[in-house]
Amino acid sequence: MTTNTLTKPAPAAAGSTGPYAARIQHVSKSFGRPGAQQQVLDNISIDVTPGEFVCLLGASGCGKSTLLSLVAGLDKPSAGTIETPGGRPALMFQEHALFPWLTAGRNIELALRMRGVPRAERRGEAERLLELVRLKGAYGKRVHELSGGMRQRVAMARALAQDSQLLLMDEPFAALDAITRDVLHDELTRIWHETNLSVLFVTHNVREAVRLGERVVLLSSRPGRVAREWQVDIPQPRRIEDSAVADLSVEITEQLRGEIRRHGQH
Amino acid sequence: MASTETTTPSTTGKPDDDPTGPATAPDAEAPAGPAADSPAEAAAGATAEGDTTAAAAGTAVSTGAPATAAGESRPAAGDLAGLEAGLDALDSTVVSRQPWLRTLLSKAFPPLIAIAIVLGLWQLAYHFQLKPHYLLPSPLDVFRSLQQKWLEGTLLSFVWTSVSRGALGFLASVAIGTVLGLIVARVKPVRAAIGPILSGLQSLPSVAWVPAAIIWFGLSDATIYAVVLLGAVPSIANGLVSGVDQISPLYLRAGRTVGATGLAGVRHVLLPAALPGYLAGLKQGWAFSWRSLMAAELIVNAPDLGTGLGQLLEQGRELQDMSWVLGAILLILIVGIGIELLIFAPIERRVLRSRGLLVKS
């Protein structure tokens, strides 16, 4: 089974703002040689609508990072299709992945340049993006002069510089301390509201998923399948210590633990 | 999981602390922007409706019940800016550099003392005639020998002949070694074929090439340059290969996600990322060029060739003039060290410092 083209007619309003920011349909992924293959993802279908914030949640081995690489176009699915009508998605990692030979501002400008922004406009645009992540004045700073939280905000500005409809985030705050992470949650929520971005956010932290997402998708492990979905109706701005967040987190954690337990039974 | 988050309210709960954080920060640049408006917002509290950041929080509640939630105990958006400025100020380390005079003293003083001790021991050995004076001249004799050539006006021309040969040979080696290194680093079959040979060549003393080069090119400049190239090209190419190998895959991945692929990827990601290893290779390449050059000059000695330091050394040997020989050795050493210190060391330090790789103890 190779990439199966769909017989379903394409939506009429197919443009940069189509009905989907990302459409993942029946995606499977295996690694290894034929014969000794290991299936990582099994028949995953997830739609992200424009402006939606979806959290992908799962234990280790659920293939959530693999799925994100597929959506980012860094790898190809073994089966199924992935559409991202808004162009190449922006991607943020757990590591800031900023280039240490460039200043914070120049890192952002490189993304602008690769996007084709004319030289004269790059500086101003980079300053604007830095201001958006509240790092006005950090343009000339070297990466090693910034704190962990500041680096992730510059990385966020660089991702935003790609001007993509879809932002993919692969556990971007996992390496930060709890205080900084909490602040960046607020920050991400604010930026998401200001920019109309669609976000696909991968995490193994249940509370983080509930704190941020409009929808939480739980993946089972080995191979990764969609186990269950939750619509999160708690109004923003939320706090990670809100009782509503805690209640839903308990429910999702129970389900997650059930998924993990299944692996110990064989 | 919840237990790890319990530290959060204690900091977010006291926004009054935030303005003091950035205010006490000695670095005026980074925190100044966000910090400038945060105290005002903190004072105004949630009433600062006209403010842009507060307005953002107002529109933020788009899903359900409007800002009622924000009215309870949670801080307004202005507090977030202040909180963030405080965190940034607390986390940032202020890098201060030593005054240059102190750096110079602490760096230059110990070697100078060591040199003085060596000269003193040398003088003592001369004084007590450990060897006859014609075998072991005094430091002053060596200095006089050099001074005499300086007064004859020939000393600088010897130095210049060698340095210009070395520089020309080195630049040619850089051009060849860089292209070769890039090909070996990026093309798998080429690497499998000549990678091991290239690193093996580094352990071949370049003086071994001199007889072969003389047979090919005779006693000419071509012989000298051939030996220099054969000595320097492998180490420059190897430096670039290891520089490329040491690039974190993360940078390559990040480069691809921002769209730097193909030639743009080589230019904006691969080459700058490999720069530290490449520079180390260049430095070693210079040392190999200089060494090879001296080996070649020592042997390739013809009247119609310019007289370099190696030839000067050989002439001293023919005349059995030990002061002359020691003076030439000293000059060779000084030029080699001087170019390393004046050209390569500052470039390398600058590159490493700008990337935060130069850790000061």
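Scroll up for the structure.
Remember, predicted model here, so these are calculated numbers, not experimental data.

1. What to know about the overall build of chain B
Then comes step 1: Secondary structure assignment for chain B yields 17 helices and 0 strands.
Then comes step 2: Scored against the burial criterion, the 361 residues of chain B give a buried share of 33%.
Then comes step 3: Taking contacts inside chain B between residues at least 6 apart in sequence as the whole, the part at least 24 apart equals 72%.

2. Here's the deal with helix 12 (residues 209-217) of chain B
Residues and elements named next belong to chain B.
Then comes step 1: Burial in helix 12 covers these residues: Trp209, Val210 and Ala213. End-on, the buried residues of helix 12 take up no more than an arc of 95°, which puts them together on one face. Opposite the buried face of helix 12, at more than 90 degrees from it, the exposed residues are Pro211 and Ile215.
Then comes step 2: Of the residues one or two after helix 12, Gly218 is the one with positive phi, at around 75°.

3. A short note on the sheet that holds strand 2 (residues 38-48) of chain A
Residues and elements named next belong to chain A.
Then comes step 1: Taken in spatial order, the 3 strands line up as 2-1-4 in an open sheet, and their pairing is antiparallel. Each edge of the open sheet carries a strand with a single partner, namely strand 2 and strand 4 (79-83). Neighbouring strand axes in the sheet, compared pairwise and without regard to direction, differ in orientation by 20° on average.
Then comes step 2: Those strands touched by helix 1 (residues 64-72) are strand 1 (22-31), strand 2 and strand 4, and its axis lies near 120° from that of strand 1.

4. Quick notes on the packing of helix 10 (residues 155-186) of chain B against helix 15 (residues 262-299) of chain B
All names here are of chain B.
Then comes step 1: At a minimum axis distance of 9 Å, the contact between helix 10 and helix 15 shows a crossing angle of 130°. One way to sum up the angle between helix 10 and helix 15 is to call them oblique. Considering the relative orientation of helix 10 and helix 15, their crossing is right-handed. In this structure, helix 10 contributes Ser162, Arg165, Gly166, Gly169, Phe170, Ser173, Val174 and Gly177 to the contact, and helix 15 contributes Leu282, Gly285, Trp286, Ser289, Trp290, Leu293 and Glu297.
Then comes step 2: Taken together, the residues of the contact of helix 10 with helix 15 break down into 6 nonpolar, 7 polar and 2 charged.

5. Description of the sheet that holds strand 7 (residues 198-203) of chain A
Residue and element names in this part refer to chain A.
Then comes step 1: In space, the 6 strands of this open sheet follow the order 5-6-7-3-8-9, with mixed pairing throughout. With one partner strand each, in any of the chains shown, strand 5 (90-92) and strand 9 (225-231) form the two edges of the open sheet. Adjacent strand axes in the sheet meet at a mean angle of 20° when their direction is disregarded.
Then comes step 2: Relative to strand 6 (residues 166-170), strand 5 runs parallel, the two being bridged by 3 bridges. Each residue of the ladder has a partner; that of Met92, found in strand 6, is Met169.
Then comes step 3: Lying on the sheet, helix 4 (residues 148-161) is in contact with strand 5 and strand 6; it crosses strand 5 at an angle near 165°.

Parameters at a glance
Residues numbered from 1 in each chain as written. Chains lettered and ligands numbered in written order. Predicted model: local features only at pLDDT ≥ 70, side-chain atom pairs only at ≥ 80, totals over all residues. Helix = DSSP H or I, 4+ residues; strand = E, 2+ residues; numbered from the N terminus. Buried ≥ 20, exposed ≤ 12 C-beta atoms within 10 Å, placed from the backbone. Contact = placed C-beta atoms within 7 Å. Arc of directions from axis to C-beta. Pairing = 2+ DSSP bridges. Axes fitted to C-alpha atoms, helices over the stretch in contact; angles between N-to-C directions. Parallel < 35°, antiparallel > 145°, perpendicular 65-115°, else oblique. Left-handed = near helix turned anticlockwise from the far one by under 90°. Nonpolar A, V, L, I, M, F, W, Y, C, P; charged D, E, K, R; others polar.

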